[in-house]
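Secondary and tertiary structure notes
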Amino acid sequence: MISNENKNLARWAMDFALKNGCQAVKVNLYAGSNSSFEMRDAKMDRLQQASENGMTIALYVDGRYGTYSTNRLDKTELQSFIKNGIASTRYLAKDEAQTLPDPSRYYKGGKPDLKLLDPNFSKINPDHKVQMAKNAGEEAMGKDARIISVESSYSDGENFGYKLFSNGFEGETGNSWFSISASVSMKGEGDARPSSYWYESALMLDDLVKEGIGQKALERTIKKLGQKKIKSGKYTMVVDPLNSSRLVSPMISALYGSQLQQKNSFLLDKIGQQIGNEKFTLRDEPHLIGAMGARYFDNEGVATQPRTIFDKGVLKTYFIDTYIANKMGIEPTIADPSILILQPGNKDLQGLIADVNNGILVTGFNGGNSNSSTGDFSFGIEGFLIENGQTTQPINEMNVTGNFLSLWSSLAEVGNDPRLNSSWRIPSLVFDGVDFSGI
């Protein structure tokens, strides 16, 4: 929690900077703590606990801009810190595009609590945390003679922020998070050592799924036994909800102002154009109560609002912050998305698979790359062959290649199974006629 004493210190720091040569100032106070308990074969392998408390101050001096951070939250220390920062900023090149946002765009308050912070966070017994990590591992240990190792972990954290800008913005944030994970490694055929994992996470401890994690990791690993390449060709590609966001991420990256300003985006100058199939409707919904990623303002203090990014495949918006908008001479939107929601269909993963006669279910992406200028991509994948509506041969060491513009135009189905413990709620996806290379 950010104390009132530190908030007053932030106000003092802002005023001090303005009186000593700054034309504008941003002050950001941050505080937080996190812990993790990692087990190997149900024995403690690593324990980590950390906390932080500090200030970042952005100084606008005679058309120049610099940011400086310190964890010395003492008025005497801050005086020299700020003065040195102002002096250093004067050595920087001018950048007239660096300005504070228009105050009319700031979040003004008054909306309901987003319920992102567990009020009992500090009361959780460390022994209970260790036991949750241990239980996840014990669900898999000894269940199969081929198991080589079982790793499990529990982690949590809470973060607080307080922002104060000299042209009128003041905002405060706070959130907590909890996670349990497990991974299993097994002896396969020859030198093969297949492994897999599962995890659950939540903002509130009471909402965290605490059972079945190690069991799920073991089941996923067993299914990988006997992996091999299959014949190259065009297949229907089904991507599970644990990995579907990997195909959305390059589309979002191509919408950022930094990419557009550098002309390094395959979606440059494509507002209003048909980019994907009509089943591709993607929205940003930042105000969902109790949801990861929910927020009323971005890092600039600009008020968030629900917005459509792709509407039935048509591109509707970019993510343009104040700096890039000034550089490009256009109107800003918002710096980045909050909660991405891909409009779901009617079937879960198994229902989608049942409709595929000849396809590949992708359950993991292993390296690869994508070209932000052209949209071309090549990713290593693992998963399963789909034959007549059933998953059969486990596969690995194959590549999927293509271009994101043609890929999203070939979107055939969208599932109804997004992982709600993520700020990217992307369900299972089905694409027609995708190129896979194997043998």
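The rules behind the values
- Residues numbered from 1 in each chain as written.
- Predicted model: local features only at pLDDT ≥ 70, side-chain atom pairs only at ≥ 80, totals over all residues.
- Heavy atoms only, no water.
- Phe/Tyr/Trp six-rings, centres within 6.5 Å; stacked < 30°, edge-to-face > 60°.
- Helix = DSSP H or I, 4+ residues; strand = E, 2+ residues; numbered from the N terminus.
- Buried < 20%, exposed > 50% of the residue type's maximum accessible area, 1.4 Å probe, protein only.
- Contact = heavy atoms within 4.5 Å.
- Expected span 1.5 Å × (residues − 1).
- Core = buried A, V, L, I, M, F, W, Y, C linked by side-chain atoms within 4.5 Å.
- Axes fitted to C-alpha atoms, helices over the stretch in contact; angles between N-to-C directions.
- Left-handed = near helix turned anticlockwise from the far one by under 90°.
- Nonpolar A, V, L, I, M, F, W, Y, C, P; charged D, E, K, R; others polar.
- Pairing = 2+ DSSP bridges.

Here the focus is the packing of aromatic side chains. What the rule picks out here adds up to 20 aromatic pairs. Each ring, one from Tyr-106 and one from Phe-165, has its centre 5.9 Å from the other, and the planes form 65 degrees; the classification is edge-to-face. Of this pair, Tyr-106 sits in the loop between α2 (75-89) and α3 (126-138) while Phe-165 sits in strand β4 (residues 147-165), placing them 59 residues apart in sequence. The burial state of Tyr-106 is the same as that of Phe-165; both residues are buried.

A few words on the environment of Val-184. Its place among the elements puts Val-184 in strand β5 (residues 170-186). A relative accessible area of 1% places Val-184 in the buried class. For Val-184 and Lys-216, which are 32 residues apart along the polypeptide, the C-alpha to C-alpha distance reads 9.7 Å. The contact partners of Val-184, leaving out residues within four places of it in the chain, are Ala-140, Ile-147, Ser-149, Val-150, Pro-194, Ser-195, Ser-196, Gly-214, Ala-217, Leu-218 and Thr-221.

Helix length check: helix α1 (residues 4-19), at 16 residues, gives a terminal C-alpha distance of 23 Å against a target of 22 Å (1.5 Å per residue), a fit within 8%. For α1, the set of buried residues is Asn-6, Lys-7, Leu-9, Ala-10, Trp-12, Ala-13, Met-14, Phe-16 and Ala-17. Positive backbone phi, at 120 degrees, marks Gly-21, one or two positions downstream of α1.

Quick look at unusual backbone geometry now. Of note, Asp-62 is a non-glycine position whose phi angle comes to about 50 degrees, a positive value. Relative to the assigned elements, Asp-62 resides in the loop between β2 (43-61) and β3 (64-70). The class of Asp-62 is partly exposed, set by a relative accessible area of 37%.

Here we come to the nonpolar core. Most often, soluble globular proteins keep nonpolar side chains buried together rather than apart. Among the nonpolar cores identified, the biggest contains 48 residues, and Met-237, Leu-247, Leu-282, Phe-310, Trp-408 and Phe-436 are the most heavily contacted of them. Setting aside its immediate chain neighbours within four residues, Leu-282 contacts Val-248, Ile-252, Thr-308, Ile-309, Phe-310, Leu-340, Ile-341, Leu-342 and Ile-426. Grouped together as the second largest cluster of nonpolar side chains are 25 residues, Leu-9, Phe-16, Ala-17 and Leu-59 included.

Their axes nearest at 10 Å, the elements α1 and α2 cross at an angle of 35 degrees. Seen along the crossing, α1 lies across α2 with a hand that is right-handed. Judged by residue contacts, Leu-9, Trp-12, Ala-13, Phe-16 and Ala-17 of α1 engage Lys-75, Leu-78, Gln-79, Ile-82, Lys-83 and Ile-86 from α2. Split into classes, the residues belonging to the contact of α1 with α2 amount to eight nonpolar, one polar and two charged.

The strand order across the open sheet built from five strands is β10-β9-β8-β11-β16, with neighbouring strands paired in mixed fashion. The outermost strands of the open sheet, each flanked by one partner alone, are β10 (314-315) and β16 (424-425). Two elements, strand β9 (residues 307-311) and β10, share two bridges in a ladder whose sense is antiparallel. Following the sheet pairing, Asp-311 is matched in β10 by Val-314.

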